[in-house]
Amino acid sequence: MSADVVGHQVRLFEIKRVYPANAPVIGGLKIVESWTRGISDYTNNTGEAVAYGVYVLDNGDKFFTRGRLVAFQSPEARNMSATTVGPIIGGTGKLARINGMARMVTLANPQTGMNETRIELEYWLPQ
């Protein structure tokens, strides 16, 4: 915790997600897990962050994202909301030439560890 303003926190964070049997499909392959790592600079759960994503597919291929996040929590709300937008910055294997954009909308409660995220991927795979 920072000592400058009440409620100010600079954090390193890591979130692992494991996808169910009906997981999203990219290039014919299912996403089995993802990792989001970043640094946030919040005052009372309002502020900005930079986040890096790694998405792992069922054959071991991966693709990577980088995003800028803006978070907001009103004083009377229990949860914060955040929106992240950024490019898909590369991949491995069949996804080595992937291009596109990732958009995420998150509802979270850092005190309880709750984190629900909807992810939209717009991508293309050059032939």
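Visitor: Describe the environment of D58, listing the residues and the values that go with them.
Guide: Relative to the assigned elements, D58 resides in the loop between β4 (46-57) and β5 (62-72). Owing to a relative accessible area of 46%, D58 belongs among the partly exposed residues under this scheme. The sequence separation of D58 and E33 amounts to 25 residues, and the corresponding C-alpha distance is 8.7 Å. Leave out the neighbours within four places in its chain, and D58 touches L29, K30 and V32.

Visitor: Describe the nonpolar core, and please don't skip the residues or the numbers.
Guide: I26, I31, Y55, L57, F63, L95 and I98 are the most contacted members of the largest nonpolar core, which has 13 residues in total. Excluding residues that lie within four positions of it along the chain, L57 makes contacts with I26, L29, K30, I31, V32, K62, F63 and L95. Counting seven residues, the second largest nonpolar core, distinct from the first, contains A49, A71, M80 and A108.

Visitor: Describe unusual backbone geometry, with residues and values.
Guide: Of note in this structure, N44 is not a glycine but carries a positive phi near 55 degrees. With respect to the secondary-structure elements, N44 resides in the loop between β3 (29-43) and β4. A positive phi angle, close to 60 degrees, is found at N45, a residue other than glycine. In this fold, N45 is placed in the loop between β3 and β4.

Visitor: For the pattern of salt bridges, give the residues involved together with the corresponding values.
Guide: Evaluation of the coordinates by the stated rule reveals five salt bridges. We note a salt bridge from R103 to E122, for which the minimum N-O separation is 3.2 Å. Placement of R103 in strand β7 (residues 99-109) and of E122 in strand β8 (residues 114-124) is noted, with a sequence separation of 19 residues between them. The class for R103 is partly exposed, based on a relative accessible area of 30%. Assessed through its relative accessible area of 44%, E122 is described here as partly exposed.

Procedures and definitions
- Residues numbered from 1 in each chain as written.
- Predicted model: local features only at pLDDT ≥ 70, side-chain atom pairs only at ≥ 80, totals over all residues.
- Heavy atoms only, no water.
- Helix = DSSP H or I, 4+ residues; strand = E, 2+ residues; numbered from the N terminus.
- Buried < 20%, exposed > 50% of the residue type's maximum accessible area, 1.4 Å probe, protein only.
- Contact = heavy atoms within 4.5 Å.
- Core = buried A, V, L, I, M, F, W, Y, C linked by side-chain atoms within 4.5 Å.
- Salt bridge = Lys/Arg side-chain N within 4 Å of Asp/Glu carboxyl O.

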